[in-house]
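Fold and geometry: a report
So you can see what is in the structure, the chains are spelled out below.
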Amino acid sequence: MKVTVLFFGKVADAMGKRQCVLDVPDTQAGLFTLRDSVLGQAFAAEALDMARVLMSVNQTLETRDRVLVDGDEVAFFPVFSGG
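Below, the structure is looked at part by part.

Cut-offs used in this document
- Residues numbered from 1 in each chain as written.
- Predicted model: local features only at pLDDT ≥ 70, side-chain atom pairs only at ≥ 80, totals over all residues.
- Heavy atoms only, no water.
- Helix = DSSP H or I, 4+ residues; strand = E, 2+ residues; numbered from the N terminus.
- Buried < 20%, exposed > 50% of the residue type's maximum accessible area, 1.4 Å probe, protein only.
- Areas by Shrake-Rupley, 256 points an atom, 1.4 Å probe, with all protein chains shown as cover.
- Pairing = 2+ DSSP bridges.
- Core = buried A, V, L, I, M, F, W, Y, C linked by side-chain atoms within 4.5 Å.
- Patch = residues over 30% accessible without salt bridge, like charges linked within 9 Å, V, L, I, M, F, W, Y side chains within 5 Å.
- Salt bridge = Lys/Arg side-chain N within 4 Å of Asp/Glu carboxyl O.
- Polar contact = N/O pair within 3.5 Å; in protein donor to acceptor, adjacent residues only side chain to side chain.
- Contact = heavy atoms within 4.5 Å.

**Things to note about the overall build of the protein**
On a plain count of helices and strands, the protein comes out with two helices and five strands. Put simply, the protein runs from its N terminus to its C terminus through helices and strands in the order β-α-β-α-β-β-β. Taken across its 83 residues, the protein has 37% of its residues classed as buried. Of the roughly 4900 Å² of accessible surface on the protein, a fraction of 53% belongs to carbon and sulfur atoms.

This is the structure we're talking about:
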């Protein structure tokens, strides 16, 4: 299945891109697994530190256990703070 992955803010800066499309095997259809797949890229490890990054699927905040389906849009973005 294909999943579109978007990166925002400092995550995009660290990743060096704002978007990519990943071909994810159906057996690895969880959001947590996708995150780990992206984390597998050494340059992204700091950018995707779970304590500082939120994840959404189709513009809804999700937990790591969310099951993905073909065509989902996943976003990684930093925790925002107001002021």
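**Quick notes on the pairing of strand S5 (residues 73-78)**
Most of S5 is tucked away, with five of its six residues classed as buried. Relative to S5, strand S1 (residues 2-7) runs parallel, the two sharing four bridges. Bridging across to S5, Phe7 finds its partner in Phe76. Inspection of the sheet shows strand S3 (residues 53-57) paired to S5 by five bridges, in the antiparallel sense. Counterpart to Leu54 in the pairing with S5 is Phe77.

**Points about the nonpolar core**
If you look at the biggest cluster of nonpolar residues, it comprises 19 residues, and the most contacted ones within it are Val5, Phe7, Leu34, Val74 and Phe76. If you list the elements that add at least two residues to this core, you get S1, helix H1 (9-15), strand S2 (19-23), helix H2 (31-39), S3 and S5.

**Topic: a nonpolar patch on the surface**
Where nonpolar side chains cluster on the molecular surface, the patch consists of Leu54, Leu61 and Val79 and spans about 260 Å² of accessible area. Note on placement: Val79 falls in the segment after S5.

**Points about the pattern of salt bridges**
According to the stated counting rule, one finds two salt bridges in the structure shown. Note that Glu62 and Arg66 form a salt bridge whose closest N and O atoms lie 3.4 Å from each other. Among the residues examined, Arg66 registers a relative accessible area of 22% and is labelled partly exposed. For the salt bridge of Asp72 with Arg66, the shortest nitrogen-to-oxygen distance reads 3.4 Å. Through salt bridges that share partners, Glu62, Arg66 and Asp72 make up one connected network.

**Remarks on the side chain of Asp72**
Among the structural elements, Asp72 can be located in the loop between strand S4 (60-61) and S5. The exposure class of Asp72 is buried, given its relative accessible area of 4%. Looking at Asp72, its side chain comes within polar contact range of the side chain of Asn58, at 2.8 Å. Residues contacting Asp72, with those up to four places away along its chain left out, are Lys2, Val3, Thr4, Val57, Asn58, Arg66 and Val67.

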